[in-house]
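# Observations on the model geometry
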Amino acid sequence: MAKKAGDRISDALDHIKRAFAGRGSSTDGDKAKGATWDWLEEHQDVKGISGLISIGGFRGLFKDEGKTELRQYQRAYLLIERTLGGRSDADVRGLKTHLETATGKAALASAESVKTDIRSVYYKWADKQKKKETPQIFGEPILAPSFQYASSLHRTNLAPAVKRASQLLTQAWIGLARVKMDTTEKKRFEYYFAKPMTDVALTKVKDVLKAVHDVVCARRITLYYRGDKAPTTLAKNDTPKWLRDQGANALGPDDSYGFVYADVQRPGEYHVFLGKDFFADASRHGKDSMSGVIIHEMTHLLKNTDDHAYGEADAHALVTGPNKAQALENADNYEYFVESFQSKVTTKFG
């Protein structure tokens, strides 16, 4: 999108890089330019950036060469504020107005100041990225832009739901570690997965729940709102472009509890879409909880589990049914097994 919009963006990207010359690491300029370009690639639905960073001529007299160079840095500054700086179009228009009113010597004197501002925006953004990469005790839900259409209660419930999912998974993992020495834990395992318990079944369950535990307990999970009043048009679709490019069409509203794209993934990223039933029916505690739904969807995403049966009774029936192996492949079996540890977990919701 960016290059097709005109030469202004291409020139501004180059001047973002040049703003670091002699003022930082030799690679900082490349990183800043690359990060800005990545933002543009991920936000191709954002329109009018080329026009937003357009700046007219100066009032005042000085050489054209200096004038042009300064304007390029000013455009670069507006671009990096709009992208990595997280500024809105209105914010950038305000910054732009200030730049346009600078005249003569005052305008020329601002060149180094603008370069400093460009570097400052990038370094602040880079610091935030480093903090985001630091493992958390509990997983961190990242709310996609579509959550602006959700109620405040729906938004505030998500962090506790993920925290509770982390605690449930930790207790479930402790239970699995005791399954060969504790008859209560063995019976629990056999109820949800395989009776009699086998080493093959135990290994399979541990493999699935360890993968989910490692992500939910320590990583960032991006959640998307697909409940009532969720965006229905492509212009407001916050599904990442790389997901859409590979066939994802996650517009809302959607009637389900949640869904993921297990076959369309990017390493280190975890994207879960939450539908109407999640917000209308999922409880805070107990079975069929918000935490349980998140765990259910993560087993799909991380280990490609299936939906052979829904509901605790039908999930349990798989264990003794004609296709017993389906219990080890069914997402609800993992959800209800983990939720069965709820008595050991207390989480406050907003």
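So, here's what we can say about the structure.

What counts as what
Residues numbered from 1 in each chain as written. Predicted model: local features only at pLDDT ≥ 70, side-chain atom pairs only at ≥ 80, totals over all residues. Heavy atoms only, no water. Phe/Tyr/Trp six-rings, centres within 6.5 Å; stacked < 30°, edge-to-face > 60°. Helix = DSSP H or I, 4+ residues; strand = E, 2+ residues; numbered from the N terminus. Buried < 20%, exposed > 50% of the residue type's maximum accessible area, 1.4 Å probe, protein only. Pairing = 2+ DSSP bridges. Contact = heavy atoms within 4.5 Å. Arc of directions from axis to C-beta. Core = buried A, V, L, I, M, F, W, Y, C linked by side-chain atoms within 4.5 Å. Axes fitted to C-alpha atoms, helices over the stretch in contact; angles between N-to-C directions. Parallel < 35°, antiparallel > 145°, perpendicular 65-115°, else oblique. Left-handed = near helix turned anticlockwise from the far one by under 90°. Nonpolar A, V, L, I, M, F, W, Y, C, P; charged D, E, K, R; others polar.

### Focus: the packing of aromatic side chains
If you walk through the whole model with that rule in mind, you get 18 aromatic pairs. When the ring of Phe193 is compared with that of Tyr334, the centres are 4.9 Å apart and the planes differ by 50°; the resulting orientation is tilted. Of this pair, Phe193 sits in the loop between α9 (183-192) and α10 (199-216) while Tyr334 sits in helix α15 (residues 331-339); the two residues are 141 residues apart in sequence, bridging distant segments of the chain. Tyr334 matches Phe193 in its accessibility class, with the two residues each being buried.

### Description of the pairing of strand β4 (residues 271-275)
When you tally the buried positions in β4, you get five out of five residues, the bulk of the element. Covered by surrounding structure in β4 are His271, Phe273 and Gly275 together with Val272 and Leu274, the residues of both alternating faces. Note: strand β2 (residues 220-226) against β4, five bridges, orientation parallel. Its bridge partner lying in β4, Tyr224 is registered against Phe273. Sheet topology places strand β3 (residues 258-259) next to β4; two bridges connect them, and they run antiparallel. When the bridges of β4 are listed, Gly258 appears paired with Leu274.

### Things to note about unusual backbone geometry
Residues Lys195 and Pro196 are joined by a peptide bond in cis, for which omega reads 0°. Within the secondary structure, Pro196 sits in the loop between α9 and α10. Here Asp288, not a glycine, exhibits a phi torsion of approximately 55°, which is positive. The class of Asp288 is partly exposed, set by a relative accessible area of 36%. In this model, Asn304 sits at a positive phi of 55°, which is unusual for a non-glycine residue.

### What to know about the environment of Ser146
The residue Ser146 is located in the loop between β1 (140-143) and α7 (152-156) in this model. Sequence-wise, Ser146 and Arg226 are 80 residues apart; in three dimensions their C-alpha atoms are separated by 7.7 Å. With sequence-adjacent residues up to four places away left out, Ser146 is seen in contact with Tyr224, Tyr225, Arg226, Pro231 and Asp238.

### A word on the sheet that holds β4
Within the open sheet, the four strands sit side by side as β1-β2-β4-β3. Their pairing is mixed. Either end of the sheet is taken by a strand with one partner, and the two such strands are β1 and β3.

### Some details on helix α14 (residues 312-320)
If you check which residues of α14 are buried, you get Ala315, Leu318 and Val319. For α14, the angular spread of the buried residues around the axis is 110°, confining them to a single face. Seen from the open side of α14, the exposed residues pointing more than 90 degrees away from its buried face are Ala313 and Thr320. Elements that come into contact with the buried residues of α14 comprise α9 and α15.

### A few points about the nonpolar core
Within the largest apolar cluster, 50 residues are counted, with the highest numbers of intra-cluster contacts made by Phe189, Phe278, Met298 and Phe337. Residue assignment for this core shows that the elements contributing at least two residues are α8 (158-177), α9, α10, β2, β4, α12 (276-281), α13 (290-303) and α15. Not counting residues within four places of it along the chain, the set of residues in contact with Met298 comprises Val212, Val215, Val216, Ile221, Tyr270, Val272 and Lys303. Residues Ala12, Phe20, Ala32 and Leu95 belong to the second largest nonpolar core, which totals 30 residues.

### Some remarks on the packing of α8 against α10
Direction vectors running N to C along α8 and α10 enclose 150°, while the axes themselves pass 10 Å from each other. Comparing their axes, α10 and α8 come out roughly antiparallel. Crossing of α8 over α10 shows left-handed handedness. Of the residues in α10, those touching α8 at Val162, Ala165, Ser166, Leu169, Thr170, Trp173 and Leu176 are Leu202, Val205, Lys206, Leu209, Lys210, Val212, His213 and Val216. The class makeup of the residues in the contact of α8 with α10 is 10 nonpolar, three polar and two charged.

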